[in-house]
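Commentary on secondary and tertiary structure
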Amino acid sequence: MRLQYPSSIRIICLPCTGKVDLIHILRSFEKGADGVYVVGCMEGSCQFTAGNLRARKRVEQARVILNTIGIGGDRVQMFNLASSEAPRFVEIAEEMTRKVSALGPNPIKTGRKQMAA
Amino acid sequence: MIVAKQKPLEEILEGVKNAGKILVAGCNECVTVCESGGKKEVAVLASALRMAFMNQGREVKIDEVTLERQCDHEYLEELRKLIDQYDVVLSLACGVGVQFLAEKYMKTTVLPGVDTCFMGVTEQRGVWTERCQGCGQCILATTAGICPVSRCAKRLFNGPCGGSTRGKCEIDKDLDCGWQLIINRLKELGRLDDYEILIPIKDWSKERAGGPRKVVREDVR
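No experiment lies behind these values; they were computed from the predicted model shown.

Attention now moves to the overall build of chain A. Along the backbone of chain A there are 4 helices and 2 strands. Computed over its C-alpha atoms, the radius of gyration of chain A comes to 15 Å, within 12% of the 13 Å expected for a compact globule of 117 residues. For chain A, the spread of C-alpha atoms along the principal axes amounts to about 50 × 30 × 20 Å. For chain A, buried positions account for 40% of its 117 residues. Intrachain contacts of chain A at a sequence separation of at least 6 include 68% that bridge at least 24 residues. Accessible surface computed for chain A: about 7,000 Å², of which carbon and sulfur atoms make up 53%. Side-chain charges of chain A comprise 17 positive and 10 negative groups, with the mean position of each set lying 7 Å from the other.

Shown next, in the form of structure tokens:
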């Protein structure tokens with residue numbers, strides 16, 4: 001199944017989404033990422049019991065912070081799918097790419113340019 | 001431990017809006033355990049502040065440090081050589097730490113990043129409840145280890161008030177009546193007769209009502 005997904009996406013592999021911390025998400029934006037999405041296993045099927053549920057909470061925390069500081073909480077999202085669902089993986093990648101493209105670039109990058117000018 | 005919760009980010013941003021150099025200072029003790037001001041929270045807050053300023057096109061230097069404690073001279077001394085670089089120190093320690101830091105470095109603006117709430121316990125992850133008000137005259141020996149000063153809304157000393165219903169307090173249906181807890185535990189201990197012993201009037205001057213307090217131990221000075 002040689003499926004293609006948008007090349008703008010950079011995948012960071014983790015042993016479990018429970019490893020995702022709030023600071024990882026925030027640092028991604030700080031470094032200029034336009035969007036971040038976390039793809040975990042289906043809820044209820046985490047091998048470590050609650051990794052994906054914890055990840056969802058951290059994504060929500062990031063969303064609140066990004067909204068407060070004007071970056072936009074819609075740039076971060078949590079998805080759940082099984083490892084056998086490659087077509088769904090591609091769908092999510094395309095959906096998130098469309099969504100983030102519509103939101104435009106991370107405003108921090110514009111701010112950085114202003115600072116450099 | 002002292003339980004605190006982080007202030008809303010909007011309030012923190014308002015407080016530091018004119019600063020050019022900010023030090024976010026965490027504390028490795030109580031506020032780390034209650035997840036409001038430890039190393040992790042310092043990193044998250046510093047990152048959020050950096051992004052907020054970058055979004056405004058402003059270059060603000062934001063550094064992070066987490067001290068072992070902010071309520072001891074020896075750890076606060078670690079800031080001595082670097083504190084003058086900053087316009088503002090945003091302390092995520094409890095009110096004790098913020099004040100001690102401010103007292104020690106008179107020429108630096110120190111702002112609190114947390115609201116200090118009470119002395120309490122971790123009931124479960126993310127749930128902290130009050131257990132002690134530091135009243136200066138502990139009566140836990142006579143109340144089966146449950147404190148009527150901190151657990152009873154009215155701080156009653158000799159049994160519950162008329163607002164106690166089915167073991168719950170009248171101010172909140174989910175809040176246990178402190179005196180019901182005391183009676184239950186006296187029963188478990190086989191000491192229910194102690195409930196009849198009148199607790200004398202408390203000397204409230206040993207509590208906050210007597211003004212700021214001080215403990216001096218000449219033997220360890």
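Across the contact, 20 residues belong to chain A and 19 residues belong to chain B. Counting the surface lost from both chain A and chain B, the interface buries some 1,600 Å², and carbon and sulfur atoms represent 66% of this. When the area that chain A buries against chain B is broken down by residue, the three leading residues are Glu 30, Ile 69 and Met 115 of chain A, summing to 37%. If you look at where chain A meets chain B, you find 2 salt bridges. Glu 30 of chain A is the partner of Arg 50 of chain B in a salt bridge, and the nearest nitrogen-oxygen pair spans 2.5 Å. If you look at where chain A meets chain B, you find 5 residue pairs in polar contact (both at pLDDT 80 or more). Contributing elements (two or more residues each) for the side of chain A that touches chain B: helix 1 (22-30), helix 2 (51-68) and helix 4 (107-116) of chain A. Tallied by class, residues from the side of chain A that touches chain B come to 11 nonpolar, 4 polar and 5 charged.

Residues and elements named next belong to chain B. As enumerated under the stated definition, the model contains 4 aromatic pairs over all chains in all. Geometrically, the ring pair formed by Phe 157 and Trp 204 is edge-to-face, given 6.0 Å between the ring centres and 70 degrees between the ring planes. Of this pair, Phe 157 sits in the loop between helix 6 (148-151) and strand 8 (168-169) while Trp 204 sits in the segment after helix 7 (178-189); the two residues are 47 residues apart in sequence, bridging distant segments of the chain. You can call Trp 204 partly exposed: its relative accessible area is 29%. Between the aromatic rings of Trp 179 and Tyr 195, the centroid separation amounts to 6.0 Å while the plane-to-plane angle is 45 degrees, which identifies the pairing as tilted. Taken together, the residues Trp 179 in helix 7 and Tyr 195 in the segment after helix 7 connect sequence positions 16 residues apart. The buried category is assigned to Trp 179, whose relative accessible area is 4%. Assessed through its relative accessible area of 30%, Tyr 195 is described here as partly exposed. The ring centre of Trp 204 lies 5.2 Å from the NZ or CZ of Lys 202, which sits over that ring.

All right, on to the nonpolar core then. Ile 69 of chain A together with Ile 22, Val 24 and Leu 49 of chain B are the most contacted members of the largest nonpolar core, which totals 46 residues. For this core, the secondary structure elements donating two or more residues are helix 1, strand 1 (36-40), helix 2 and strand 2 (76-80) of chain A together with helix 1 (9-15), strand 2 (21-27), helix 3 (39-55) and strand 4 (88-91) of chain B. With 11 residues, helix 3 of chain B is the single largest residue contributor to this core. When sequence neighbours within four positions are dropped, the list of residues in contact with Leu 49 of chain B reads Ile 12, Leu 13, Val 16, Val 24, Ile 62 and Leu 90 of chain B. Grouped together as the second largest cluster of nonpolar side chains are 13 residues, Val 149, Cys 152, Cys 177 and Ile 199 of chain B included.

With that out of the way, let us pick up the sheet that holds strand 2 of chain B. To summarise the sheet geometry, strands pair through backbone hydrogen bonds and adopt either a parallel or an antiparallel arrangement. Residues and elements named next belong to chain B. If you walk across this open sheet you meet the 4 strands as 3-2-4-5, and the pairing is parallel. Single-partner strands in this sheet number two, and they are strand 3 (61-67) and strand 5 (109-112). Averaged over all adjacent pairs, the angle separating strand axes in this sheet is 25 degrees, with direction ignored. Strands in contact with helix 3 are strand 2, strand 3 and strand 4; relative to strand 3, the strand with the most contacts, it is inclined by about 170 degrees.

This part is about the side chain of Arg 75 of chain A. Residue and element names in this part refer to chain A. Tracing the backbone through its elements, the reader meets Arg 75 in the loop between helix 2 and strand 2. No salt bridge is formed by the buried Arg 75; its nearest oppositely charged neighbour, Asp 34, is found at 4.9 Å. Separated by 3.2 Å, the side chain of Arg 75 and the backbone oxygen of Leu 103 make a polar contact. In this view, Arg 75 contacts Phe 29, Asp 34, Gly 35, Val 36, Met 96, Val 100, Leu 103, Gly 104, Pro 105, Asn 106 and Pro 107; residues no more than four positions away in its chain are not counted.

The rules behind each value
Residues numbered from 1 in each chain as written. Chains lettered and ligands numbered in written order. Predicted model: local features only at pLDDT ≥ 70, side-chain atom pairs only at ≥ 80, totals over all residues. Heavy atoms only, no water. Helix = DSSP H or I, 4+ residues; strand = E, 2+ residues; numbered from the N terminus. Rg over C-alpha atoms; globule rule 2.2 N^0.38 Å. Buried < 20%, exposed > 50% of the residue type's maximum accessible area, 1.4 Å probe, protein only. Contact = heavy atoms within 4.5 Å. Areas by Shrake-Rupley, 256 points an atom, 1.4 Å probe, with all protein chains shown as cover. Lys, Arg positive; Asp, Glu negative; His and termini not counted. Charge placed at Lys NZ, Arg CZ, Asp CG, Glu CD. Buried area = accessible area lost by both parts, 1.4 Å probe. Salt bridge = Lys/Arg side-chain N within 4 Å of Asp/Glu carboxyl O. Polar contact = N/O pair within 3.5 Å; in protein donor to acceptor, adjacent residues only side chain to side chain. Nonpolar A, V, L, I, M, F, W, Y, C, P; charged D, E, K, R; others polar. Phe/Tyr/Trp six-rings, centres within 6.5 Å; stacked < 30°, edge-to-face > 60°. Lys NZ or Arg CZ within 6 Å of the ring centre and 35° of its normal. Core = buried A, V, L, I, M, F, W, Y, C linked by side-chain atoms within 4.5 Å. Pairing = 2+ DSSP bridges. Axes fitted to C-alpha atoms, helices over the stretch in contact; angles between N-to-C directions.

So yeah, pure geometry; function would need other evidence.
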